[in-house]
Amino acid sequence: MSGRPVTAQFSRLFFRRRRLSARGSALLYVIASIALLGAVGGGVAYFSSSSSTSQLSKTHSDQAYYAAISGLRYAPKADLAAMQNSTTTYSLGNNVAFKMTVGTKTASAYPVTVCGIYGAGTSMEANYQLAQVSVTPGSGTDEPEYGSYDIRLPGDASQTAGAKSAHTGMANKLIKVVTEGDEDYEGTAYVRLGNRTTQGYACLWFNDTKTVQEDSTYCQNGVCKFGKGFRLYFEFQVVSAGADGFTVSFINATNNTVNDCGGDLSMGELLGYGGPGLSGHGLRPGKIALEVDTFQNGSGYCTGAGSREDDDDGHLAYVYWGAIDDDSWWGGCNTYDDNQHTAGGNINDGEYTIDGKDYRGSPKKNPLYNTVNLENTKIKLGSNRTYKRISNLEDGAVHTVRMEVTRATNANGSGAYSLKTWVDCTVSGEPCEGIKKLTEDFTAKNPDLISSFTMDKYFHGLLNTFLVGFTEATGDSAQEVRLMNFYLKFRE
């Protein structure tokens, strides 16, 4: 038989089949691998798509939020009167918009609700609605020389409190807010203190609701968070000379309201800041005030006329509060030394509360037990100046005041405070550049008044929320002071 041997042919066929079989197995492995990779890839694609969708959703929600904030910042500039009881949609482009709903005007403000919108009408539409706020037309950031502001008087809603006069029918006229449309308006809005009357006292408190630093609860019906403090600027003009003056006051809102005021008809020198007022308890501590005093009241016991321990016919000073007592048999000062220079600084024995409630049987149960009052120091020189003579306060000119307040909490719960004040700030006869700007601290010139102090933990806690406003009073001389362009900006 010719040709190759059978064993050789079988061997070749066997190995050929082995090679074919190996190739087939490898192909199956490849197909299986492709299928597995396809499955894994599909899973990865699914999770990637889900992640992308989630990320897009968050991005759209953020866009809606920022649109709402834009609407909130626009609201003070909008024609709210024309928009009253209606909803208006504003397009910001790129599928972004906000809706503004304006309600019925109350006092000088409108209730406004803003909703931010992204992708309206699409499957990915996102909405973000802010809580309703009270907006006064023209407020906010339309005063470039101030940078921006949070409170304005006059302009924001305010309330006269505790007014009393020795003259029939005059009490409610001791403070008047004069704005455009008022019969006394002369082209500049102002708050009039005193109304050229004698023997009267009154207070005026900011009484509005404002969103501050995107927090709609920051100021509610005049009660504001003290936070880190604030910067403020205002102008005043003494129209009727010879009277007593006024204060710019910051009183705790824990145990005071916009209905409270100090004062005593027989003692104009209390400036409506000290004294029992109509309620009998006056303005309760803790509290801080910048006193603008236009009359010298000499030395004497706290409850008698001529007892403020001042020695200048015109001055500015920081005041807090004096002793807290009710020793009626001895004639305790109680509220009468709250603006008496050099008064205060004592430790409370707990025998009485701020309102005079008797705790003599159990003084340690009194919240005031072992607390420390601030002292109304009178320091004219040095690095801690709390009192400054200003001889021209009653010259009929418009005077300017800038004040900066910082506040922090110490490790033991007490408060660290710093106050700075500039009066009629000028450089080479010109107004200090930037003196009105409230978005940053003023450093171009040293302050006229400066003080840093620690406030007792108890009183510091009371000042977590506060009221801001003006107090005024006069005795035998008629008083009229005009306050203009009061702006306040909270520290961020």
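This is a predicted model, so every value here is computed, not measured.

1. What to know about the state of the cysteines
The tally for this structure, following the rule as stated, stands at four disulfides. Here C219 is linked by a disulfide to C224, with a sulfur-sulfur distance of 2.1 Å. One quick way to see it: the torsion about the S-S bond of C219 and C224 is about 115°, and its sign makes the bridge right-handed. Of the two residues examined, C219 and C224, each falls in the buried class. For C425, the disulfide goes to C432, at an S-S distance of 2.0 Å. Here C425 and C432 share a disulfide; its torsion about the S-S bond, -75°, makes the bridge left-handed. Among the residues examined, C425 registers a relative accessible area of 7% and is labelled buried.

2. Thoughts on empty space enclosed by the protein
Overall, the coordinates contain one cavity of 30 Å³ or more when judged by the stated rule. Roughly 60 Å³ of internal volume is contained in the largest cavity. Looking at the largest cavity, the residues that line it are H281, L283, R284, P285, W321, A323, I324, N334, T335, D338 and I354. Among the residues forming the lining of the largest cavity, the class breakdown is six nonpolar, three polar and two charged.

3. Thoughts on the confidence of the model for the protein chain
Chain-level pLDDT for the protein chain is 87 on average; 85% of the residues reach the 70-or-more range. Note on residues 1-28: pLDDT under 50 across the span, and two contacts to partners over four residues away in sequence or across chains. Low pLDDT, under 50, characterises residues 43-48; the predicted model gives this stretch zero contacts beyond four residues in sequence or across chains.

Rules used in this analysis
- Residues numbered from 1 in each chain as written.
- Predicted model: local features only at pLDDT ≥ 70, side-chain atom pairs only at ≥ 80, totals over all residues.
- Heavy atoms only, no water.
- Disulfide = S-S within 2.5 Å.
- Buried < 20%, exposed > 50% of the residue type's maximum accessible area, 1.4 Å probe, protein only.
- 1 Å grid on protein atoms, 1.4 Å probe; cavity = no way out; pocket = protein on both sides within 12 Å on 5 of 7 lines; lining within 4 Å.
- Points joined across faces, edges and corners; volume = space filled by probe spheres on them.
- Nonpolar A, V, L, I, M, F, W, Y, C, P; charged D, E, K, R; others polar.
- pLDDT = per-residue confidence, 0-100.
- Contact = heavy atoms within 4.5 Å.

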